[in-house]
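# Survey of secondary and tertiary structure
Residues per chain, in single letters:
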Amino acid sequence: MTTAAAPRRISIGTVTRRGILCVYGLIASAPLLLMLINSARSSQEMFTDPLGLPTSINVSNYRRAWADASFSTYFLNSVIITVAAVGLCTVFALLAAYPLGRWKFRGGPLVTSYFLAGLLLPSQLGIVPIFYMLQSVGLNDSRLGLSLVYAAGGLPIAVFILTAFFRGLPNELDEAGRIDGAGEFRLFAKVMVPLVRPAVATVAVFQFAPVWNDFFMPLILLRTSSKFTLPVGLTNFFGEHQADWGPVFAGLVITALPLIVLFIFASKQIVAGLTAGITK
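These remarks concern the structure in this document. Within any chain, residue numbers begin from 1 and follow the written order of that chain's sequence. Only residues with pLDDT of at least 70 get local features here, since the model is predicted, and only at 80 or more are side-chain atom pairs given and counted; chain-wide, interface and lining totals rely on the full set of residues. Hydrogens and waters are ignored; side-chain quantities use all the structure's heavy atoms.

## What to know about the overall build of the protein
Secondary structure is summarised from DSSP: a helix means a run of H or I of at least four residues, a strand means a run of E of at least two, and numbering begins at the N terminus for each. Looking only at helices and strands, the protein features 13 helices and zero strands. Taken from N to C terminus, the helices and strands of the protein fall in the order α-α-α-α-α-α-α-α-α-α-α-α-α. Working rule for contacts: check all heavy atoms of both residues, and any pair within 4.5 Å makes them a contact. A fraction of 73% describes how many contacts in the protein between residues 6 or more apart in sequence connect residues 24 or more apart. Residue burial considers only the protein chains on display, and all accessible areas are found by Shrake-Rupley using a 1.4 Å probe. Only carbon and sulfur atoms are counted for the fraction: they give 69% of the accessible area of the protein, which is about 16800 Å².

This is the structure in structure tokens:
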């Protein structure tokens, strides 16, 4: 005869923590929900009832923002610049973090300190020399030049995170790979990089968000409107449509949607990367 399982008891502290998290989630999602609702409303409805629900779905706001306001061009520019910057930063960070985390050589701590020094000052403080440097090599007002600036600015934190993960891997992996005849590059590409995949995903996501949302660098380094990213294009669009809020909110949704989708699908990789770093 089997006995019924005892009901699981939930402590008051657990209920309190979950309640606080639920309240915080509602407060944090309220602006996003308001932005989404207003993107489907007309400006007249927003003036008469700012917090009301739409009487009908106004898809024309998205059409005007996407086609008439050149958001399709801004979106493509943001995708090209962000993907290029994150890809370059991640690749070069892996190449730098592997020897710093796995090898012992003279000057290694000095090189690590050099990368960490990049965390002390924001890249905005060096905008004047960056501007003239890009101008001297013909990369000013260029999507490639802006991507290189973003990739260089993200290297310190990326190298710091990946170095810690490479150091946490057991030394027996190197020995086993070399016994099997694997060279250094093959050991790096086939053995080490797959093991730090959660850290790579975490670095990529953390680099994606600030590059996608950045307003300062594109404003200074880009001059041609056809090369503007979404934040700069959205600012120009807002200045031209201050009394027409529907397309403005639609533009905000278009700008924020890729980040929301990215964090939803990459949340498991982020949690795995952070928890792996804690256990190591």
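## Comments concerning the nonpolar core
To qualify as a nonpolar core, a set must consist of buried Ala, Val, Leu, Ile, Met, Phe, Trp, Tyr and Cys residues joined through side-chain atoms within 4.5 Å. Relative accessibility under 20% of the residue-type maximum defines a buried residue, over 50% an exposed one, and the middle range a partly exposed one, all with a 1.4 Å probe and only protein chains included. If you look at the biggest cluster of nonpolar residues, it comprises 31 residues, and the most contacted ones within it are Phe 71, Leu 146, Tyr 150, Met 217 and Leu 221. If one sorts the elements of this core by residue count, helix 4 (residues 71-102) sits on top with five residues. Contact partners of Leu 146, with chain neighbours within four places excluded, come to Ile 81, Met 217, Pro 218, Leu 221 and Leu 222.

## Structural notes on the layout of surface pockets
Think of a 1 Å grid over the protein atoms and nothing else: a 1.4 Å probe that fits but is trapped marks a cavity, an open set flanked by protein within 12 Å on at least five of seven lines marks a pocket, and residues with an atom within 4 Å of a point count as lining. Grid points are joined across faces, edges and corners, and a volume is the space filled by probe spheres set on the points. The volume enclosed by the largest pocket comes to roughly 720 Å³. Around the largest pocket, the lining comprises 29 residues; the ones closest to its centre are Ser 123, Val 149, Ala 152, Gly 153 and Gly 154. When residues of the lining of the largest pocket are traced back to their parent elements, those giving at least two are helix 6 (127-136), helix 7 (143-168) and helix 10 (197-213). Per element, the largest residue contribution to the lining of the largest pocket is 10 residues, and it comes from helix 7.

## With respect to empty space enclosed by the protein
Under the defined criterion, the tally for this structure stands at one cavity of 30 Å³ or more. Ser 78, Ile 81, Thr 82, Tyr 150, Val 211, Trp 212, Asp 214, Pro 218, Thr 229 and Pro 231 together form the lining of the largest cavity. Contributions of two or more residues to the lining of the largest cavity are made by helix 4 and helix 10. Polar here means any residue other than Ala, Val, Leu, Ile, Met, Phe, Trp, Tyr, Cys and Pro, which are nonpolar, and Asp, Glu, Lys and Arg, which are charged; Gly is therefore polar. Split into classes, the residues belonging to the lining of the largest cavity amount to six nonpolar, three polar and one charged.

## Quick look at the packing of helix 4 against helix 7
Orientation of helix 4 relative to helix 7, taken along the N-to-C sense of each, is 35 degrees, at an axis distance of 6 Å. The two elements helix 4 and helix 7 cross, and the hand of that crossing is right-handed. Taken together, the residues of the contact of helix 4 with helix 7 sort by class into 22 nonpolar, five polar and three charged. Simply put, an axis is a line fit to the C-alpha atoms, just over the touching stretch for a helix, and the angle between two N-to-C directions goes from 0 to 180 degrees. Crossing handedness is read from the near helix: turned anticlockwise from the far helix by less than a right angle, it gives a left-handed crossing, and turned clockwise, a right-handed one.

## Topic: the packing of aromatic side chains
Only the six-membered ring of Trp is used, alongside the rings of Phe and Tyr, when aromatic pairs are assigned; centres must lie within 6.5 Å, and planes under 30 degrees apart are stacked while those over 60 apart are edge-to-face, with the rest tilted. Under the definition given, this model contains 10 aromatic pairs. Centroid distance Phe 75 to Trp 212: 5.7 Å. Interplanar angle 80 degrees. Geometry classified as edge-to-face. You can see Phe 75 sitting in helix 4 and its partner Trp 212 sitting in helix 10, a full 137 residues away along the chain. Its relative accessible area of 24% is what places Phe 75 among the partly exposed residues. Note on Phe 208 and Trp 212: the rings are 5.6 Å apart at their centroids and 15 degrees apart in plane angle, and the pair reads as stacked. With a gap of four residues between them, Phe 208 and Trp 212 both fall in helix 10, about one helical turn apart. Judged by relative accessible area, which is 16%, Phe 208 ranks as buried.

Remember that the coordinates give geometry; whether it matters functionally is a separate question.
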